[in-house]
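Each chain, written out:
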Amino acid sequence: MLRPRIARVSLAALALVLVTACRSAPVVAPPPVAVTGALRELARYEPGQSRQVVAAFEARARGADPAAAAVLEAEMLWVLAAEEATGAGRQAACRLLRGIGTERAVPVLAGLLADRQLAHAARLALQGMESPRVDSALRSAARELDGDLLCGVIDSLGARRDRGAVPILAARIADGDEATVRASLTALGRIGGEAAVRVVRATDVGAAMPAVKYDALLAGAESLREEGDAPQALAIYRELSGLPHPLACRVGAWRGIVRTDPGGAIDAIGTMLATPEPAVVTAGAALLADLPAGAAVEPLARRLWTLAPPARAKALDALARRGGEPAVRAAIDALADEEEGVRAAGLAALGRAGDARHVDLLLSFAARPGPEGAAAVASLSALGGEGVDGALVSALREADEDARAAAIPCLGARGSPGAVNALLGFAARGNAAVRGASLSALRELAAAEHLPRLLLLFASLAEAAEREALGDALIAAAGRGGDAAAAGDLVARALDDWPGPPRATLLRVLGARPGPAALAPLVAAARGSDPAARLVALRALGGWPDAGPAEALAAAAEAAGEESERILARQGHLRLVRLDPERAPADVTRVHAEAYAGARTPAERTAVIESAEASAAPWGVQFLAACLAVAGADTGAAEEVAALQRARTELARTLARTVPGGAAGAAVSLATVPADRYAASGPAALTDGQWGSLSYTDGRWLGFQGADLVAVVDLGRPVRVESVWVGFLDRRESWIFPPRAMRLELSADGSSWTTAAPLPLDSALSPAARSGGGAEMPPTRVDAAGFWLAAPAEARYLRVSAENVGEIPEWHPGAGQKGWLFVDEIQVNPALGPPDPAPGE
């Protein structure tokens, strides 16, 4: 009990000092402090240690009631006074006081403003407190400090908008130090008010920093405007709006004029639009668009013709964003302009501000080449208001074919379901351009109810490309409302009327909407004599949602004479076998083994290999290993062996992140400590079974900056080690790189180590991870490095080493800085399934 009592006495003495320092108003003494082990741990906190203790105090601060906050404040004051406290511990205390500090903390924090290690944290803690004592403390510091400590205090005075500090800042400006002058001018701009503006005006900054002065004057004028002193604000803005002031200053001043004098805003914007400087014109157009609703913009709209063409175009866009009749009239007037860019801007403006009345006008421009036609079509697609769809359909019926072909896509873009009948007519009678545009729009708009008429249209089309386009429309229509089975029946009945290529198109429609009515025709086509129909049918059956066509595809694979058809049928058959929930893994393996043994060409065997890799199931690894045993005996099968090894490694890499292994819960020791903020739960995170996500802040990654990973895993008992997988993050835009190299060592006693020999071509990292990068940043990915042991060995201890990228390479924006290595899990012997018979056994 002795230490808490001593601590209470020390804090009471500290409170007495605080009261003495603030005699102008009483400061309530802090409550006694019980110096717990956690508090001492916080006081002794060092960078690089776990933030757990800091986080615990932060959690207490969040949502603390006044009584709890007072206790926590007293504890932080104890930390600041404790001799045993480190710099990092005191900084943590200052950060906590930032949210809970009261007037009791002001003298202590003020006393730290001259401490180069703690000044920043103490100043930020003071800055947020609502107490006049803070202003007094900061003013005193501003009189006494110099250099960067002074600039920090000046910044806080500006943030608090302390007008009592204006004379002090004026005096510090007179000292002439450039950094102090910059900080003081910026602070005076934030403080605002007449006195601050007067000091800024009187400051002679020379050529070194005029922008700082102008920014301060603009900020000061804004404060005057907010406080109701419009005349002074306007005087400053008008002074800064002309030459020779810099462009950014003048643009800011013009914005201020418009905000301060709404009555003169139109004239001011007109002046901006009439300037030869594009940036001022752009700013003027933005201000025009943002004027309050009801602002009288007509006078400006009527004199757009006096502006330069680029300014006319920007003003038209701004008026259109406002909407209303002035914008419409200005847009229509612009269509007679000599400049093509202005005419295009007028057409675009009609799309924003116009309505159904302007459909004919826009349609008359739709077929024009270049920007005008593009703007007219875009506006027809975007035109708002009631009746636009009907007006557009009516206008298209009367338009010439060039305009019709250009504008028909607008119906699809607008999602105009009432236009389907008109489009069916255009597709049947128009020229090639009109037919093509109509078929594309029908793909966007037609529904199941239109299938009969679409099939009638199908009968009238002679061009194969148009029938294919209509096939796309039939597929889309069958999926929009109605009975899918009925739609399938309708298309299936139409097949009888169509031999040859048209039949293949309709079969494609059936395959895109699988159902009972579609299955029999597709199976028949897969067995038929028409090559085009067979290919379509095989593709459709291979993508079927259930295993229904599996046997038909197996038969087609056996019967096909062409290799392409055999591969297509076999790929579909194996896919459906993999997806069949009624088949056990052993049966799926058997089917793949039979297909591999019966393949006639390397390409057919590749199809089987790819199917096993796509399984994402343990049986696939064992099957590929069995295939590797067969292919490895053939000296002429080097390419196939390489494909098998790659497929097995990639599948195992995927499975290693989803299946259990032999290192779960094993003890881990690290030769290098990870970064404090990326330490997860410590070394144990590498064997906790929790793989990381694409986010390196998810709490599952260990991050090492500029340092290698050297992890020793104690499995607790001897284990026959066959494979080891290690998870890495590849996120190079965040300076996180995969390892440059890896090594796996095994030991029975933790003292004598043997380097494990991985199998050939089973590389430690995937090709994507091994790539060195380039001008384009590779995509973020979670990867796993795998070691397949050539000779499985018994070991209790594993030592996994991964080499950090070191300095970031030259092609990267962070070139020369230390790169990061992120690791999330070490997996030993993932359970990839029982061994299966080799193919042909």
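Residues numbered from 1 in each chain as written. Predicted model: local features only at pLDDT ≥ 70, side-chain atom pairs only at ≥ 80, totals over all residues. Heavy atoms only, no water.

Explain the environment of Ala-265 to me, please; I cannot follow it from the model alone.
Residue placement: Ala-265 occurs in helix H16 (residues 265-273). Along the primary structure Ala-265 and Gly-323 are separated by 58 residues, whereas in three dimensions their C-alpha atoms are 18 Å apart. Apart from the residues lying within four places of it in its own chain, the contact partners of Ala-265 are Val-258 and Leu-291. (Helix = DSSP H or I, 4+ residues; strand = E, 2+ residues; numbered from the N terminus. Contact = heavy atoms within 4.5 Å.)

What is the right way to read helix H22 (residues 359-366) from this model?
Since the α-helix advances by 3.6 residues per turn, residues separated by three or four positions end up pointing in the same direction. All buried positions along H22 are accounted for by Val-359, Leu-362, Leu-363, Phe-365 and Ala-366. All buried residues of H22 lie within an arc of 160° about the axis, which places them on one face of the element. The elements touched by buried residues of H22 are helix H21 (340-353), helix H23 (370-382), helix H24 (388-398) and helix H25 (401-414). (Buried < 20%, exposed > 50% of the residue type's maximum accessible area, 1.4 Å probe, protein only. Arc of directions from axis to C-beta.)

Mind showing me how you'd approach the pattern of salt bridges here?
Side-chain pairs of opposite charge can arise where the charged atoms are in close proximity. Per the stated rule, a full pass over the model turns up 52 salt bridges. Of the charged contacts, one joins Glu-277 and Arg-250 as a salt bridge, the two residues approaching to 2.5 Å between their closest N and O atoms. Of this pair, Glu-277 sits in the loop between H16 and helix H17 (278-290) while Arg-250 sits in helix H15 (residues 247-260), placing them 27 residues apart in sequence. A residue is classified by how much of its surface remains accessible, and Glu-277, at 25% relative accessible area, is partly exposed. Under the relative-accessibility criterion, Arg-250 is labelled buried at 8%. Here Arg-740 and Glu-803 are joined by a salt bridge, their closest N and O atoms 3.3 Å apart. Of this pair, Arg-740 sits in the loop between strand S3 (709-730) and strand S4 (742-747) while Glu-803 sits in the loop between strand S6 (781-802) and strand S7 (820-828), and the two are 63 residues apart along the sequence. Connected through salt bridges with shared partners, the residues Glu-551, Asp-580, Arg-583, Asp-587, Arg-590 and Glu-594 form a single ionic network. (Salt bridge = Lys/Arg side-chain N within 4 Å of Asp/Glu carboxyl O.)

Honestly, the nonpolar core in this entry has me stumped. Any pointers?
One recurring pattern in soluble globular proteins: nonpolar side chains tend to sit buried together. Of all hydrophobic cores here, the largest spans 204 residues; its most connected members are Leu-109 and Leu-442. Sorting elements by how many residues they give to this core places helix H4 (residues 66-81) first, with eight residues. Residues contacting Leu-109, with those up to four places away along its chain left out, are Leu-80, Cys-94, Leu-97, Ala-122, Ala-125, Leu-126 and Met-129. By size, the runner-up hydrophobic cluster in this structure holds 32 residues, among which are Leu-686, Leu-709, Ala-785 and Leu-798. (Core = buried A, V, L, I, M, F, W, Y, C linked by side-chain atoms within 4.5 Å.)

In this structure, what is going on with the packing of helix H10 (residues 166-175) against helix H12 (residues 194-202)? I would like to understand it.
Angle between the axes and distance between the axes are the two parameters that describe a pair of packed helices. At a minimum axis separation of 10 Å, H10 and H12 run at an interaxial angle of 5°. On the basis of the axis angle, H10 is roughly parallel to H12. Where H10 abuts H12, its residues Val-166, Ala-170 and Ile-173 lie against Ala-195, Ala-196 and Val-199. (Axes fitted to C-alpha atoms, helices over the stretch in contact; angles between N-to-C directions. Parallel < 35°, antiparallel > 145°, perpendicular 65-115°, else oblique.)

What am I meant to see in empty space enclosed by the protein here?
To find the voids left in a structure, one rolls a probe of water-molecule size over its atoms. Taken as a whole, this structure holds one cavity of 30 Å³ or more when the rule is applied. In this structure, the largest cavity spans a volume of roughly 40 Å³. Every residue lining the largest cavity is listed: Ala-478, Ala-487, Gly-488, Val-491, Val-509, Leu-510 and Arg-513. Per element, the largest residue contribution to the lining of the largest cavity is three residues, and it comes from helix H30 (residues 484-494). Grouping the constituent residues of the lining of the largest cavity by class yields five nonpolar, one polar and one charged. (1 Å grid on protein atoms, 1.4 Å probe; cavity = no way out; pocket = protein on both sides within 12 Å on 5 of 7 lines; lining within 4 Å. Points joined across faces, edges and corners; volume = space filled by probe spheres on them. Nonpolar A, V, L, I, M, F, W, Y, C, P; charged D, E, K, R; others polar.)

Can you walk me through the confidence of the model for the chain in this structure?
In low-pLDDT regions, the fine details of the predicted coordinates are not to be read closely. Model confidence for the chain is summarised by a mean pLDDT of 88, while 93% of its residues fall at 70 or above. The model gives residues 834-841 a pLDDT under 50, and that stretch makes 16 contacts with residues more than four places away or in other chains. (pLDDT = per-residue confidence, 0-100.)

Sorry if this is basic, but what is going on with the environment of Cys-151 here?
Within the element layout of this structure, Cys-151 appears in helix H9 (residues 147-159). Sequence spacing of Cys-151 and Arg-329 is 178 residues, and the spatial spacing of their C-alpha atoms is 55 Å.

Whenever I open this one, the packing of H24 against H25 confuses me. Can you help?
Packing of H24 against H25 leaves a shortest axis separation of 10 Å and a crossing angle of 160°. In terms of their interaxial angle, H24 and H25 are classed as roughly antiparallel. As for the relative orientation of H24 and H25, their crossing is left-handed in sense. Residue-level inspection shows Val-388, Asp-389, Leu-392, Val-393, Leu-396, Arg-397 and Glu-398 of H24 in contact with H25, the latter providing Ala-403, Arg-404, Ala-407, Ile-408, Cys-410, Leu-411 and Arg-414. Its residues placed into classes, the contact of H24 with H25 shows nine nonpolar, no polar and five charged. (Left-handed = near helix turned anticlockwise from the far one by under 90°.)

Would you take a moment to explain the packing of aromatic side chains for this structure?
The geometry of an aromatic ring pair is captured by two quantities: the separation of the ring centres and the angle between the planes. All told, the structure shown has eight aromatic pairs when counted by the stated rule. Seen from their ring centres, Tyr-696 and Phe-822 are 5.9 Å apart, and the 70° between their planes marks the pair as edge-to-face. Note that Tyr-696 is positioned in the loop between strand S1 (667-670) and strand S2 (702-705) and Phe-822 in strand S7, a separation of 126 residues in sequence. Geometry around Trp-753 places Arg-799 over its ring, the cationic atom sitting 4.3 Å from the centre. (Phe/Tyr/Trp six-rings, centres within 6.5 Å; stacked < 30°, edge-to-face > 60°. Lys NZ or Arg CZ within 6 Å of the ring centre and 35° of its normal.)

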